[in-house]
Amino acid sequence: MTDNIVVVTGAGSGIGKAVALAFARQGDKVVAADLDLDAANRTAECLPESISAMLVDIADRKMVDQLRLQVHSAVGVPNVLVNAAGWDRTEGFLNASTEFAERVVGINYLGPVHMCSAFLPGMIEAGNGGRVVNVASDAGRVGSSGESIYAGAKGGVIALTKSLAREMARHGINVNCVCPGPTDTPLFHAQAERLQEALIKAIPFRRLARPEEVAAPIVFFASEAASFITGQVISVSGGLTMAG
């Protein structure tokens, strides 16, 4: 049992939902934040004594600030922040519109920037350290055809993680990053069936990751067992990517 207060974005489905449930099951108070409030409520209904659902569009800084006020008032100052929300659509780079590019960057890169900017001051002021875990993607480590803008945004999240880890170390706040490969989530299944099949065949384990398998290292990074680990990036891809 722990006494963490945890904010998880993208907690309405997929990896974010698995993360929210994993923290709640170990006794933490969890805020399941999502752009789809109905989905966040369904997550909260799984463990209503531990999880509160809240609305946020992480690409909108004003909504992020409203979320911070709501979290501080209703639950307290969080000491764990998990930026799990993300979005993409397979799109050749030369076919991508400016609007598409701005949405991808707004959600996948500026979203974590907004969340860290909003919640880190409270962690620092509390003086008890804290944990930030950013969910990037292996696309940001090794590239991904048809996902160039998404890969660029996720690569930015990896660099953000390392830089924030250096800045936050003086405050006892650890900042780490988890990079999933293909995972059994609604986002993956929204891709073309032929692409899904090709990706699964390329994975040495010949299957997708389960969201719970991605949640496990996120929970680890937030634990005392990871107290001397910061600025690190771990891939959860079933061996699909093995680059250093």
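Residues numbered from 1 in each chain as written. Predicted model: local features only at pLDDT ≥ 70, side-chain atom pairs only at ≥ 80, totals over all residues. Heavy atoms only, no water.

From N to C terminus, the chain includes 9 helices and 7 strands. In summary, the chain has a C-alpha radius of gyration of 17 Å against a globular reference of 18 Å for 244 residues, a match within 12%. The principal-axis extents of the C-alpha atoms in the chain amount to approximately 45 × 35 × 35 Å. Expressed as a percentage of the 244 residues in the chain, the buried residues total 50%. Here the analysis covers contacts within the chain between residues at least 6 apart in sequence; of these, 66% occur between residues at least 24 apart. Accessible surface, the chain: about 11500 Å² in total, of which carbon and sulfur atoms supply 53%. Considering the chain, the positive charge centre built from 20 side chains and the negative charge centre built from 24 side chains are found 5 Å apart. (Helix = DSSP H or I, 4+ residues; strand = E, 2+ residues; numbered from the N terminus. Rg over C-alpha atoms; globule rule 2.2 N^0.38 Å. Buried < 20%, exposed > 50% of the residue type's maximum accessible area, 1.4 Å probe, protein only. Contact = heavy atoms within 4.5 Å. Areas by Shrake-Rupley, 256 points an atom, 1.4 Å probe, with all protein chains shown as cover. Lys, Arg positive; Asp, Glu negative; His and termini not counted. Charge placed at Lys NZ, Arg CZ, Asp CG, Glu CD.)

What follows is about helix 2 (residues 37-46). All of the buried residues in helix 2 are Ala 39, Ala 40, Thr 43 and Ala 44. The arc that holds every buried residue of helix 2, seen down its axis, measures 145 degrees, which confines them to one face. Relative to its buried face, helix 2 has exposed residues pointing more than 90 degrees away, namely Asp 38 and Glu 45. Buried residues along helix 2 sit in contact with helix 1 (14-25), strand 2 (29-34) and strand 3 (51-55). Here helix 2 starts with a cap whose side-chain oxygen sits 3.2 Å from the backbone nitrogen of Asp 38, and that cap is Asp 36. (Arc of directions from axis to C-beta. Polar contact = N/O pair within 3.5 Å; in protein donor to acceptor, adjacent residues only side chain to side chain.)

Scanning the entire structure with this criterion turns up 7 salt bridges. Here the salt bridges share partners, and the residues they tie into one network are Arg 61, Asp 65 and Arg 68. (Salt bridge = Lys/Arg side-chain N within 4 Å of Asp/Glu carboxyl O.)

Spatially, 7 strands are ordered 3-2-1-4-5-6-7 in an open sheet, and the strand pairing comes out parallel. Two strands in the sheet have a free side with no partner beyond their single neighbour: strand 3 and strand 7 (233-236). Averaged over neighbouring strand pairs, the angle between their axes works out to 20 degrees when direction is ignored. Relative to strand 7, strand 6 (residues 173-180) runs parallel, the two being bridged by 4 bridges. Of the residues in strand 7, the one forming a bridge with Cys 177 is Val 233. Seen against the sheet, helix 2 touches strand 2 and strand 3 and runs at an angle of roughly 175 degrees to strand 3. This element, helix 4 (residues 98-126), spans strand 1 (5-9), strand 4 (80-83), strand 5 (130-135) and strand 6 of the sheet and lies at about 175 degrees to strand 4. (Pairing = 2+ DSSP bridges. Axes fitted to C-alpha atoms, helices over the stretch in contact; angles between N-to-C directions.)

Attention now moves to the packing of helix 3 (residues 61-74) against helix 4. Interhelical geometry of helix 3 versus helix 4 gives an angle of 35 degrees and a closest axis separation of 9 Å. Where helix 3 crosses over helix 4, the two elements pack in a sense that is right-handed. Side by side, helix 3 and helix 4 meet where Arg 61, Val 64, Asp 65, Leu 67, Arg 68, Val 71 and His 72 of the first sit next to His 114, Met 115, Ser 117, Ala 118 and Phe 119 of the second. Per-class residue counts for the contact of helix 3 with helix 4 are 6 nonpolar, 3 polar and 3 charged. (Left-handed = near helix turned anticlockwise from the far one by under 90°. Nonpolar A, V, L, I, M, F, W, Y, C, P; charged D, E, K, R; others polar.)

Turning our attention to the packing of aromatic side chains. Applying the stated criterion across every chain yields a total of 2 aromatic pairs. Where Trp 87 meets Phe 100, the ring centres are 5.7 Å apart and the plane angle is 65 degrees; that geometry is what we call edge-to-face. Placement of Trp 87 in the loop between strand 4 and helix 4 and of Phe 100 in helix 4 is noted, with a sequence separation of 13 residues between them. Neither residue differs from the other here; Trp 87 and Phe 100 are each classed as buried. Ring geometry for Phe 220 and Phe 221: centres 5.8 Å apart, planes at 40 degrees, overall tilted. Residue Phe 220 is classed as partly exposed on the basis of its relative accessible area of 34%. (Phe/Tyr/Trp six-rings, centres within 6.5 Å; stacked < 30°, edge-to-face > 60°.)

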